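Survey of secondary and tertiary structure
What follows is the residue order along each chain.
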Amino acid sequence: MLEEAAPEWLSEEVKTGTTIIGIEYDGGVVLGSDSRVSAGETVVNRVMNKLSPLHDKIYCALSGSAADAQTMAEIVNYQLDVHSIEIGEDPQVRSAATLVRNISYKYREELSAHLIVAGWDRRNGGQVFATMKGLLTRQPFAVGGSGSSYVYGFVDAEYRRGMSKQECQQFVVNTLSLAMNRDGSSGGVAYIVTIDEHGTEEKVILGNQLPTFFDQ
Amino acid sequence: MATLTAVRPAFGGFSFDNCKRNAVLEVEASKVGCSVPAARKTGTTICGVVFKDGVVLGADTRATEGMIVADKNCSKIHYISPNIYCCGAGTAADTEMTTQLISSNLELHSLSTGRLPRVATANRMLKQMLFRYQGYIGAALVLGGVDCNGPHLYSIYPHGSTDKLPYVTMGSGSLAAMAVFEDRYKPDMEEDAAKQLVRDAIAAGIFNDLGSGSNIDLCVITKSKVNYIRPHDEANKKGVRVTELEALKLTGDYKYKRGTTGVLTKAVTPIDLELLEESVQTMDTS
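Residues numbered from 1 in each chain as written. Chains lettered and ligands numbered in written order. Predicted model: local features only at pLDDT ≥ 70, side-chain atom pairs only at ≥ 80, totals over all residues. Heavy atoms only, no water.

Chain B goes by Proteasome subunit beta in an unreviewed UniProt entry, where it is assigned to Oreochromis aureus. Reading the Subunit (unreviewed entry) entry of the UniProt record for chain B gives the comment "Component of the proteasome complex." (UniProt positions renumbered as here; feature names shortened; annotations may be inferred.)

As annotated in an unreviewed UniProt entry, chain A carries the name Proteasome subunit beta and comes from Oreochromis aureus. In its Catalytic activity (unreviewed entry) section, the UniProt entry covering chain A states "Cleavage of peptide bonds with very broad specificity."

This part covers the overall build of chain A. For chain A, the helix and strand inventory stands at five helices and 14 strands. For a compact globule of 216 residues, the expected C-alpha radius of gyration is about 17 Å, and chain A comes in at 17 Å, within 12% of that figure. Based on the C-alpha atoms only, the size of chain A along its principal axes is roughly 60 × 50 × 25 Å. Relative to its full complement of 216 residues, chain A shows a buried share of 53%. For chain A, contacts bridging at least 24 residues in sequence account for 65% of all contacts bridging at least 6. Accessible surface for chain A amounts to roughly 10000 Å². Of this, 48% is attributable to carbon and sulfur atoms. Treating the 18 positive side-chain charges of chain A as one cloud and the 28 negative ones as another, the clouds have centres 6 Å apart. (Helix = DSSP H or I, 4+ residues; strand = E, 2+ residues; numbered from the N terminus. Rg over C-alpha atoms; globule rule 2.2 N^0.38 Å. Buried < 20%, exposed > 50% of the residue type's maximum accessible area, 1.4 Å probe, protein only. Contact = heavy atoms within 4.5 Å. Areas by Shrake-Rupley, 256 points an atom, 1.4 Å probe, with all protein chains shown as cover. Lys, Arg positive; Asp, Glu negative; His and termini not counted. Charge placed at Lys NZ, Arg CZ, Asp CG, Glu CD.)

The secondary structure content of chain B amounts to five helices and twelve strands. Buried positions account for 41% of the 286 residues belonging to chain B. In chain B, of all internal contacts separated by at least 6 residues, the share reaching a separation of at least 24 is 59%. Roughly 18500 Å² of accessible area belongs to chain B as shown, and the carbon and sulfur atoms make up 56% of that amount.

A:Leu54, A:Leu115, A:Val117, B:Leu57 and B:Val142 are the most contacted members of the largest nonpolar core, which has 46 residues in total. Ranked by the residues each element gives to this core, the list is headed by helix α2 (residues 66-87) of chain A, at seven residues. B:Ala194, B:Val198, B:Ala201 and B:Ile229 belong to the second largest nonpolar core, which has 22 residues in total. (Core = buried A, V, L, I, M, F, W, Y, C linked by side-chain atoms within 4.5 Å.)

Residues and elements named next belong to chain B. For Thr-285, the position within the fold is in the segment after β12 (226-234). The exposure class of Thr-285 is exposed, given its relative accessible area of 66%. Taking the C-alpha atoms as reference, Thr-285 lies 46 Å from Arg-258; in sequence the two are 27 residues apart.

Per the UniProt entry, the sites bearing "active site" (unreviewed entry) are B:Thr44 in this numbering. Side chain to side chain, B:Thr44 and B:Lys76 meet in a polar contact 2.4 Å long. (Polar contact = N/O pair within 3.5 Å; in protein donor to acceptor, adjacent residues only side chain to side chain.)

A word on the UniProt feature "active site" (unreviewed entry) in chain A. Residue and element names in this part refer to chain A. Within this structure's numbering, the places UniProt gives as "active site" (unreviewed entry) are Thr-18. Note on placement: Thr-18 falls in the loop between β1 (15-16) and β2 (20-25). Judged by relative accessible area, which is 0%, Thr-18 ranks as buried.

Here the focus is the sheet that holds strand β8 (residues 150-156) of chain B. Residue and element names in this part refer to chain B. Here five strands make up an open sheet; going across it, the order is β5-β6-β7-β8-β9 and the pairing antiparallel. Looking along the sheet, the strands with just one partner apiece sit at the ends: β5 (77-81) and β9 (162-164). The average angle at which neighbouring strand axes cross in this sheet is 20°, direction not considered. Inspection of the sheet shows β5 paired to strand β6 (residues 84-90) by four bridges, in the antiparallel sense. Directly across from Ser-81, in β6, lies its bridge partner Ile-84. Sheet strands in contact with helix α3 (residues 119-132) are β5, β6, β7 (139-147), β8 and β9, and its direction is about 165° off that of β7. (Pairing = 2+ DSSP bridges. Axes fitted to C-alpha atoms, helices over the stretch in contact; angles between N-to-C directions.)

Residues and elements named next belong to chain A. A sheet is described by the order of its strands in space; here five strands give the open sequence β6-β7-β9-β10-β11, paired in antiparallel fashion. Of all strands in the sheet, those bounded by a partner on one side alone are β6 (51-55) and β11 (137-139). For this sheet, the mean angle separating the axes of adjacent strands, direction not counted, is 30°. Two elements, strand β10 (residues 125-130) and β11, share three bridges in a ladder whose sense is antiparallel. Paired with Ala-130 across the strands is Thr-137, a residue of β11. The strands touched by α2 are β6 and β7 (58-61); relative to β6, the strand with the most contacts, the crossing angle is about 20°. Against the sheet, helix α3 (residues 93-106) engages β6, β7, β9 (116-121), β10 and β11, with an angle of about 160° to β9.

Every regular strand shows the same layout, with side chains that alternate between the two sheet faces. All names here are of chain A. In terms of burial, strand β13 (residues 190-196) is a largely internal element, seven of the seven residues being buried. Residues of β13 alternate between two faces, with Ala-190, Ile-192, Thr-194 and Asp-196 on one and Tyr-191, Val-193 and Ile-195 on the opposite face, all of them buried. When strand β3 (residues 28-33) meets β13, the two strands line up antiparallel, connected through six bridges. Bridged to Gly-28 within β13 is Asp-196. Hairpin connection between β13 and strand β14 (residues 199-205): a loop of two residues separates the two successive antiparallel strands.

Our focus in this paragraph is the pairing of β10(A). All names here are of chain A. Of all the six residues making up β10, six are buried; the element is thus mostly covered by neighbouring parts of the structure. As judged from the six bridges shared by β9 and β10, these two strands associate in the antiparallel manner. Of the residues in β10, the one forming a bridge with Ala-118 is Val-128. What sits between the antiparallel neighbours β10 and β11 is a turn of six residues, in which Lys-133 has the positive phi angle 60°.

Glancing now at unusual backbone geometry. Phi is positive for A:Lys133, which is not a glycine, with a value near 60°. Looking at where A:Lys133 falls in the secondary structure, it is placed in the loop between β10 and β11. When its relative accessible area of 44% is taken as the criterion, A:Lys133 is described as partly exposed. In this structure, B:Asp188 takes a positive phi of about 55° despite not being glycine. Along the polypeptide, B:Asp188 turns up in the loop between α4 (174-184) and α5 (191-208). For B:Asp188, a relative accessible area of 59% gives the class exposed.

In C-alpha cells:
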C-alpha cells in the first residue's frame, strides 16, 4: 500500500555514455577515459573512474550500461585472481581479454557493455584488446563508447607507429578532450593509466587542464 | 438435455484481466477523442555526505499513494548493521525488503567473521542482488557507514551499478538537493556543518519537489556512535501547539481567540424544554 512509483529517470538504465581509448607502445600501454555517468538526461556521477583494474598490470576501460560493465569487470577480476594463483605467476593480457570475451559472448543478448582490455605482460609486452559483443581482437589502438564516433577521423589521421610513451599519453589526452567537447554523454575529468614493466601509473587531468582547441 | 459444466478453480499466479481492460479503455478513449490520464510521478529526497569523523544520511518523510500522502511520517533510513545505515528511494516495498534481507545476511556474515561488517561488503551484497534482478527491483539506495577503514558512502542504482563518492543524492528531489551540495560541500567538515548541509539539501528537495515533503530525518554515524535523529527538523509546521502538555495531540490548533472576529449583534434565545415523561430502565449487569 505504501507505494512510491519510481520517477522516470530512476527506471532508466544508468549508462556510461563515454569515451574510452587504449593504445600500445613499445614497452607498455596507455588507457584513457572520461568520467561522466548519465541516467537519461541527468548526470549521476561526474567523476567516475572508468578504468577498472583487473590485475596489477591489466586494466579495462568500461563503456555502455554501468551495471553490466561494473559487474563484468568485478567478475573477471575475481576469475583472474583465481587463475593467477593457479598458474603461480602474473596472468597474460590475452587471458584477461579472453575471460571478458567469454562473458560478453555468452550473454550477448542480455548485456550491453563494451570493455577494452589493456595491459603489460612479460611474454608480449604491451597489448590492447577490443571485446565488443563477444569478439576478441588485438589492435595497436582501440576507441570505444558513444564519444568514439566523433574522433575516429582524428585517431586514424594522427596515429603513427612507434610513438613514445609521452607521445602516446598526449595522443590519448587530445583524443579524449576532442570527444568530450563534441559528445553530450562524455565529460568531466580525464583519467589516464600508463602500464609498463615497472608498474602502473594513474593520473587525473581536471577539466580546466585539458588541451583546448580552436573554439575555446 | 442436461449438460455438466465443470467450474475450473482459479489457478494461482497473476491475473492480467485489468491489463486487457486498460487496453480496451485506451482504444475506446482515443476513439472519442480523450486521452488516458498520464502516470503520476511520486518520489523522495535522500542524500548523504562524508564529513571529518563519519557520514551524515538524510531523508524526507513523505510516502505517497498517487496524489495522496499515505504516510506523513514514514522512516526512509533503514538499519543495516550497528555501524551501517541505508536510505531508500523508489518502490517502498522493494527498499524495505532489500535492506532487511541484506541486513540479516550481513549479521550472519559478521558472526562468521567475528568482525564488525564493512560498508564495502554491504555494497557488494546489495549490488549483486539488484543486478541479478536486472532492475525489476526498484530500489535506489544511499548506503553509508563507518568501519575499520574509515567513513564510506555509496549510491546504488536499481540495475546494480554503484558509485563511491563524498556526497550523493537520490530520488525525485535529488537534483534540488545536489544543487545545494555542489554549492556548499567542503571536504573534512565538522559534524554540525555537515548536519546543517544535509538538512538544507533535504529542505531544498522538500520545497522544490512535489513528491517530497513533511519532516527531515537525519542519521549521523561516527566511529563511536550512531545518532538517529527523527525528526531533526519539521520543515512544515501545522498550526500552533496548544500547550506542551498536550503535545500528544498531533493535530494543529484551530481555535481562535475571542475577539479575532468582530461581533456586530448578539441575540440570546433561551429554549424552554418541558419534561413530559420520566422512565427508569434497569441495566442488566449480571
